[in-house]
Amino acid sequence: MHPAITGYRDHMPFSFPGKLLDSLTANALRWRTIQNLRSRKAIPASCFANISSRKVLILRDPFLEWLAASMSKI
């Protein structure tokens, strides 16, 4: 697994509000970009939990699995 993924797994909580993604990844991943990918169904819905119509939690493990798979395609 890529060292960045391991570092994120150690640093990120199990679930967190999407808007914290920028700060948790030192802007390496941007919430706005993830929202765009999510709206195009490029990221599995299982990576997220809607807690209201405007608030979305990112579920760390499924999200990082998707990210690792995406990185391996590059």
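Now for a quick tour of the structure. This one's a predicted model, so the numbers in the text were calculated from it and none came from an experiment. Position numbers for residues count from 1 along each chain, tracking the sequence in the order it is written. Predicted model: local features are reported for residues with pLDDT of at least 70 only, side-chain atom pairs are reported and counted for 80 or more only, and whole-chain, interface and lining totals are derived from all residues. Derived side-chain values reflect all non-hydrogen atoms in the structure, with water molecules and hydrogen atoms excluded from consideration.

1. Things to note about the sheet that holds strand β1 (residues 15–17)
Pairing is antiparallel across the open sheet formed by three strands, whose spatial order is β1-β3-β2. Edge positions in the open sheet fall to β1 and β2 (48–50), since each of these has one partner strand only. Averaged over all adjacent pairs, the angle separating strand axes in this sheet is 30°, with direction ignored. Residue contacts follow a heavy-atom distance rule, with two residues in contact if any of their heavy atoms lie within 4.5 Å. Note on method: axes are straight lines fitted to C-alpha atoms, helices fitted across the in-contact stretch only, with angles between N-to-C directions ranging 0 to 180 degrees. Runs of H or I in DSSP of at least four residues are treated as helices and runs of E of at least two as strands, each being numbered from the N terminus. Contacts from helix α3 (residues 31–39) reach β2 and β3 (56–59), with the element oriented near 85° to β2. Whether two strands pair comes down to DSSP finding at least two bridges between them.

2. Concerning the nonpolar core
Residues Leu 21, Ile 34, Phe 48 and Phe 63 are the most contacted members of the largest nonpolar core, which totals 18 residues. At the level of secondary structure, the elements contributing two or more residues to this core comprise α1 (3–11), α2 (21–24), α3, β3 and α4 (60–72). A per-element tally of this core places α4 first, with four residues. Leaving out residues up to four positions away in the same chain, Leu 21 has contacts with Met 12, Phe 16, Leu 29, Arg 30, Trp 31, Ile 34, Ile 58 and Phe 63. Definition used in this section: a nonpolar core is a set of buried Ala, Val, Leu, Ile, Met, Phe, Trp, Tyr and Cys residues joined via side-chain atoms within 4.5 Å. In this scheme, a residue with accessible area under 20% of its type's maximum is buried, one over 50% is exposed, and one in between is partly exposed, where area comes from a 1.4 Å probe on protein chains only.

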